Amino acid sequence: MLILGIESSCDETAAAVVRDGAEVLSSVIHTQVPLHAPHGGVVPEIASRSHMEMIPSVIRRAVEEAGCSFADIDAVAVTYGPGLASSLLVGLSAAKGLATALGKPLIGIDHIEAHIQSAFLAPGSPRKDEFLPLLALVVSGGHSAIIRVGRDGAPRIVGQTLDDAAGEAFDKASQLLGLGYPGGPAIQKAAQEAHGELGFEFPKGQISRDNPALGRMRADLCFSFSGLKTSLRNYLQKNPVRDREHLCRIAAAYQDAIVEALASRCAKALKGCGCRGLAVGGGVSLNAALRARLKDVAEEAGVPIFLPEPRYCGDNAAMIAALAGTGAGVRGEAALLLDATPNLSFGTSPSAIREKLLAKAP
Ligand code: KG4
Ligand code: ZN
């Protein structure tokens, strides 16, 4: 079963061909980072226009590099949410057109759920189903969530950020420190150069139990990063950056606060949840300090950790095609009725989405 995956939810235009939900035959990613860097963040209109320009050649290259032809493709899988509306529309429209022209099924995929799959894409990696129930941490520029994937493969958020995403916290700090965009790699680099302590600790994002945004989630599994950013701004007002050494110490203390917030919640979530592994995904999973700390957390919990290879940490289409290959996603006639869904609510069952779409079908 060869699935062509298409991803355009944010600022990467990507296409990939994956065999049987596991073997990546090609993965082409065109990143728009240089286009957005001068603006300090992703500009939606620039993103969608670039997707429009790039998507035909990215798809063509993915098929060529896989050593197959369009006729060999058995299904087309595409991200339909969450993400930027105008970016999602480009990939979804291309996928609908392609599936219709080829007479092949379309499969609609949830971007966040796909990030979990990226931890199982390395050659020789075990399959995700062997480690269910599984705990997953998805940390990117737009999302930060702790997810439990049940024995039946159904994912459910057990904890998350109540405001900014972890990547956003890195990006905003980088801007305040004048280190540019994207912030994660810049903060990591500065943190690695730090010698000695800052003598000041940034808050680790604790949430009080009576926070109304918690809903049914546990306070000790959720976190907040907006206070962290404010704390950095206040610190800088009182202590302007003196020199590179001071800057590096600030970056290290700030990175430490994010890593600790994420790792301590994962450690708590692993306690008594019966999970058989910890998987990590999203752009922030590139962070070396986070990877090292999470390895310790998994070891203490006595479970294996699955970390994506660097090329699969950020947005890519191999994770989209691979997840579709496991039987997940919105399938059948209903998929052709899917709309770009920027605020896709995580964990909505594909069958519920299918029924809703078919009920209002023209
Ligand atoms: O998953 P991704 O490529 O795109 C989204 O879906 O958001 O994640 C991008 C985010 C950015 O916020 C970027 O600063 C962050 O991932 N990031 C990192 C590192 N590399 C990228 N954060 C921390 N450390 C890194 N090494
Ligand atoms: Zn992503």
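Computed from a prediction, not measured in an experiment: that's the story for all the values here. (Residues numbered from 1 in each chain as written. Chains lettered and ligands numbered in written order. Predicted model: local features only at pLDDT ≥ 70, side-chain atom pairs only at ≥ 80, totals over all residues. Heavy atoms only, no water.)

(A) Spatial organisation of the coordination of the zinc ion (ligand 2). Within the protein, the atoms that donate to the zinc ion (ligand 2) are His-111 (NE2), His-115 (NE2) and Asp-315 (OD), at distances of 2.1 Å. Here the zinc ion (ligand 2) binds 4 donor atoms, and the angle range of 91 to 146° at the metal identifies the geometry as irregular. For the zinc ion (ligand 2), all donor residues lie on one chain, and their spacing in sequence is H-x3-H-x199-D. Of the two residues, His-115 sits in helix H4 (residues 111-117) while Asp-315 sits in the loop between strand E10 (305-306) and helix H10 (318-325), which places them 200 residues apart along the sequence. Among the residues examined, His-115 registers a relative accessible area of 0% and is labelled buried. (Donors = N, O, S within 2.8 Å, 3.2 Å for Na, K, Ca; no water. Tetrahedral: all angles 85-135°; square planar, octahedral: opposite > 155°, others 65-115°. Helix = DSSP H or I, 4+ residues; strand = E, 2+ residues; numbered from the N terminus. Buried < 20%, exposed > 50% of the residue type's maximum accessible area, 1.4 Å probe, protein only.)

(B) The packing of helix H8 (residues 244-270) against helix H9 (residues 288-301), seen in detail. Following both chains from N to C, one finds H8 and H9 inclined at 20°, their axes separated by 10 Å at the closest point. When the axis of H8 is compared with that of H9, the two are roughly parallel. Considering only the axes of H8 and H9, their crossing is right-handed. The residues of H9 that touch H8, namely those facing Gln-255, Val-259, Glu-260, Leu-262, Ala-263, Cys-266, Ala-267 and Leu-270, are Ala-289, Leu-290, Arg-293, Leu-294, Val-297 and Ala-301. Counted by class, the contact of H8 with H9 contains 11 nonpolar, 1 polar and 2 charged residues. (Axes fitted to C-alpha atoms, helices over the stretch in contact; angles between N-to-C directions. Parallel < 35°, antiparallel > 145°, perpendicular 65-115°, else oblique. Left-handed = near helix turned anticlockwise from the far one by under 90°. Contact = heavy atoms within 4.5 Å. Nonpolar A, V, L, I, M, F, W, Y, C, P; charged D, E, K, R; others polar.)

(C) Geometry of the pairing of strand E7 (residues 144-149). Of all 6 residues in E7, 5 are buried; the element is thus mostly enclosed. Sheet analysis places strand E6 (residues 134-139) next to E7, joined by 6 bridges and oriented antiparallel. In the strand pairing of E7, Leu-134 is matched with Val-149. In sequence, E6 turns back onto E7 through a hairpin of 4 residues. Looking at chain direction, E7 and strand E8 (residues 155-160) are connected through 5 bridges and run antiparallel. What sits directly across from Ile-147, in E8, is Ile-157. Here E7 hands over to E8 after 5 residues, with Gly-153 in that stretch at a positive phi of 90°. (Pairing = 2+ DSSP bridges.)

(D) The arrangement of the sheet that holds strand E2 (residues 12-19) in detail. A sheet is described by the order of its strands in space; here 5 strands give the open sequence E3-E2-E1-E4-E5, paired in mixed fashion. Here the strands that pair on one side only, and so sit at the sheet edges, are strand E3 (23-31) and strand E5 (106-110). Taken pair by pair, the neighbouring strands of this sheet meet at an average axis angle of 20°, ignoring direction. Examined bridge by bridge, strand E4 (residues 75-81) and E5 share 5 bridges and lie parallel to one another. Across the sheet, the residue bridging to Gly-81 is Asp-110, located in E5.

(E) Fine view of unusual backbone geometry. Pro-133 follows Leu-132 through a cis peptide bond whose omega is -5°. Topologically, Pro-133 is positioned in the loop between H4 and E6. For the bond from Tyr-181 to Pro-182, the omega torsion is -5°, close enough to zero to count as cis. With respect to the helices and strands, Pro-182 occurs in the loop between helix H5 (166-176) and helix H6 (183-193). Of note, the phi angle at Asp-20 is positive, near 50°, even though the residue is not glycine.

(F) Spotlight on the pattern of salt bridges. With the rule as written, the count across this model stands at 13 salt bridges. A salt bridge links Glu-65 to Arg-61, with the nearest nitrogen and oxygen atoms 3.3 Å apart. Taken as a pair, Glu-65 and Arg-61 lie in helix H2 (residues 44-65) at a separation of 4 residues, close to a single helical turn. As a salt-bridge pair, Arg-244 and Glu-193 come within 3.0 Å of each other at their nearest N and O atoms. You can see Arg-244 sitting in helix H8 and its partner Glu-193 sitting in helix H6, a full 51 residues away along the chain. (Salt bridge = Lys/Arg side-chain N within 4 Å of Asp/Glu carboxyl O.)

(G) Expanded view of the packing of H5 against H8. Two elements in contact, H5 and H8, have axes whose closest approach is 11 Å; the angle formed by their N-to-C orientations is 175°. The angle between H5 and H8 places the two elements in the roughly antiparallel class. The segment H5 lies against H8, with Ala-166, Ala-169, Phe-170 and Ala-173 engaging Tyr-254, Gln-255, Ile-258 and Leu-262. Per-class residue counts for the contact of H5 with H8 are 7 nonpolar, 1 polar and no charged.

(H) Layout of the packing of aromatic side chains. Tallying each qualifying case throughout the model produces 7 aromatic pairs. For the ring pair Phe-223 and Phe-225, a centre distance of 5.5 Å and an interplane angle of 45° mean the geometry is tilted. Here Phe-223 falls in the buried class, since its relative accessible area comes to 0%. Taking relative accessible area as the criterion, Phe-225 reaches 1% and is therefore assigned buried. (Phe/Tyr/Trp six-rings, centres within 6.5 Å; stacked < 30°, edge-to-face > 60°.)

(I) Representation of the site of ligand 1 within the structure. The local shell around ligand 1 holds 20 residues, among which Gly-141, Asp-171, Gly-184, Gln-188 and Gly-283 are the closest. Within the backbone of Gly-167, an N or O atom sits 3.2 Å from an oxygen atom of ligand 1. Between ligand 1 and the protein, one listed contact pairs an oxygen atom with a backbone N or O atom of Gly-283 at 2.9 Å. Contact with the protein chains covers 88% of the free accessible surface of ligand 1, which is 550 Å². When contributions to the shell around ligand 1 are tallied by element, the ones reaching two or more residues are H4, H5 and H6. Among the residues making up the shell around ligand 1, the classes are represented as 5 nonpolar, 13 polar and 2 charged. (Near = heavy atom within 4 Å. Polar contact = N/O pair within 3.5 Å; in protein donor to acceptor, adjacent residues only side chain to side chain. Areas by Shrake-Rupley, 256 points an atom, 1.4 Å probe, with all protein chains shown as cover.)

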